[in-house]
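In case you want the letters, here they are:
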Amino acid sequence: MTAPSYNLVEVIRVIQKQRRFIIIMTVLAIALGGLFVVVKKKKYKAEARFFVNNPLYGDRNTLFRTSEQRYVDYFGGDDDLDKITALGASDTVKDRIIRNCDFDKIYKFGDMNNDTAHAMYMATFDKNFNLKRTEYKDIVVTYIAYDPKTAAGVANMSVQVLEETFRHYYTSMKEGMAKSIGDKVKQMDSAINTLTDTLSNLRDKYGVYGIISPTRQNVQGGEIKGGGKGFGRGIEEIQNIESIKDQLVNDRAHYISLMNEYATASGQSMDYLKMITRATPPTSATGPALRMVLIVAGGLGLFFSVIFVLMTDYFKKLKEMLK
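Computed from a prediction, not measured in an experiment: that's the story for all the values here. Counting of residues starts from 1 at the beginning of each chain's written sequence and follows it residue by residue. It should be noted that, the model being predicted, local features are given only for residues of pLDDT at least 70 and side-chain atom pairs only at 80 or more, the latter also being counted only at that level, while totals for whole chains, interfaces and linings use all residues. Think of the side-chain values as coming from all heavy atoms in the structure, minus any hydrogens and water.

## Comments concerning the pairing of strand 1 (residues 44–52)
So, step 1. The rule is simple: take the accessible area with a 1.4 Å probe, protein chains only, and divide by the maximum for that residue type; under 20% is buried, over 50% is exposed, in between is partly exposed. Put simply, DSSP marks the helices as runs of H or I at least four residues long and the strands as runs of E at least two long, and each gets a number from the N terminus on. A one-sided burial pattern is seen for strand 1, the buried positions being Y44, A46, A48, F50 and V52 and the unburied ones K45, E47, R49 and F51.
So, step 2. When DSSP finds two or more bridges between two strands, those strands count as paired. Pairing of strand 1 with strand 3 (residues 139–145) involves 7 bridges; the strand directions are antiparallel. From the neighbouring strand, K45 faces strand 3, where its bridge partner is I144.
So, step 3. Alignment of strand 1 against strand 4 (residues 273–277), held across 4 bridges, turns out to be antiparallel. Each bridged residue has a counterpart across the sheet, and for V52 the counterpart in strand 4 is L273.

## Quick notes on the confidence of the model for the protein
So, step 1. Within a predicted model, pLDDT stands for the predictor's per-residue confidence, ranging from 0 to 100. Put simply, the protein has an average pLDDT of 84, and 91% of its residues get 70 or more.
So, step 2. Confidence, read as mean pLDDT per element, is least for helix 3 (residues 60–63) in the protein (74) and greatest for strand 3 (95).

## Regarding the environment of T312
So, step 1. With respect to the secondary-structure elements, T312 resides in helix 10 (residues 290–322).
So, step 2. Remark: the alpha-carbon pair of T312 and V14, spanning 298 residues in sequence, is separated by 10.0 Å.

## Thoughts on the pattern of salt bridges
So, step 1. Each salt bridge in this description consists of a side-chain nitrogen of Lys or Arg and a carboxyl oxygen of Asp or Glu lying within 4 Å of one another. Under the defined criterion, the tally for this structure stands at 14 salt bridges.
So, step 2. With a closest N to O distance of 2.8 Å, K94 and D126 form a salt bridge. Of the two residues, K94 sits in helix 5 (residues 91–100) while D126 sits in helix 7 (residues 115–128), which places them 32 residues apart along the sequence.
So, step 3. Take D126: its relative accessible area is 40%, and that puts it in the partly exposed class.
So, step 4. When salt bridges with common partners are traced through the structure, they connect D78, D82, R133 and K137 into a single cluster.

## Comments concerning the sheet that holds strand 1
The strands making up a sheet associate through hydrogen bonds between their backbones, and the pairing can be parallel or antiparallel.
So, step 1. As summarised here, the arrangement of the 4 strands in space is 2-3-1-4, forming an open sheet in which the pairing is antiparallel. Here the strands that pair on one side only, and so sit at the sheet edges, are strand 2 (129–133) and strand 4. Ignoring which end each strand starts from, the neighbouring axes of this sheet average 25° apart.
So, step 2. For this analysis, residues touch if any pair of their heavy atoms sits within 4.5 Å. Angles run from 0 to 180 degrees between N-to-C directions of axes, and those axes are lines fitted to C-alpha atoms, restricted for helices to the stretch in contact. Strands in contact with helix 8 (residues 148–206) are strand 1, strand 2, strand 3 and strand 4; relative to strand 1, the strand with the most contacts, it is inclined by about 20°.

## A short note on the side chain of E163
So, step 1. Its location among the elements puts E163 in helix 8.
So, step 2. What makes E163 buried here is its relative accessible area of 12%.
So, step 3. Excluding its chain neighbours within four sequence positions, the residues that come into contact with E163 are M270, D271, Y272 and L273.

The following block contains the structure:
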């Protein structure tokens, strides 16, 4: 016994015979697709774009250059874009975004400080958030939400948090350097005050009031008036202490200059990210259009109904042959 075989003519004959069933199933699939589009809750997708500025342009070596000027590109390179991408995937940035956007009021999973609820907020953010680079070396941030304002607000807040985090990465080190130098200046102030008191006492003791420090530049040596027992030793003691004090004063002035440079380079007036397209509440929902859904649903209904009709006819003939 051989199994039933079909050629193109047989297939067309079976389809024509069951065309009513196929048409009904296709129309039903189209109706279900349209109902799905109508019933499904609409989602909205907001998009923001920004460039990454070159952090080296705001560095103290660029702001207060002491040698030849070197070209520094305004735009950040691939390494800087990679850092932004890494920050966008970090839990620290995600946590700040969901807290700044009040996810507990939007999605209402529970208290933000609850571990289970916090994990649900983070999972929701990961599901709807996307950050990608383009061939033009800008970065696109998108967020999908049921409310258009929420989608735009989260997208814009993401750029703001990324800028603050990226900025803090650089400015925190500069601020730490400025603070370290400032602490050292305070120590030097204390040492200078102590040396000043010591020098005052020595000058009054030996009666030496001339400038005799060998470390001072552009100071002409002159005759030092005075005399008596211990006068020479007094000059040597004053000269030794004066040289240390003068060096500390010079170092203090240099440290204060460095501290001001680091403080200037860590100012808040310089942007590390430049937004070129701000997210606005979208007016149309995201996802496939109604027409596309109906076409796909009708195609699937037609395909599976034809397959069903052919399979049914095949097993019917096979059953008849077995009798």
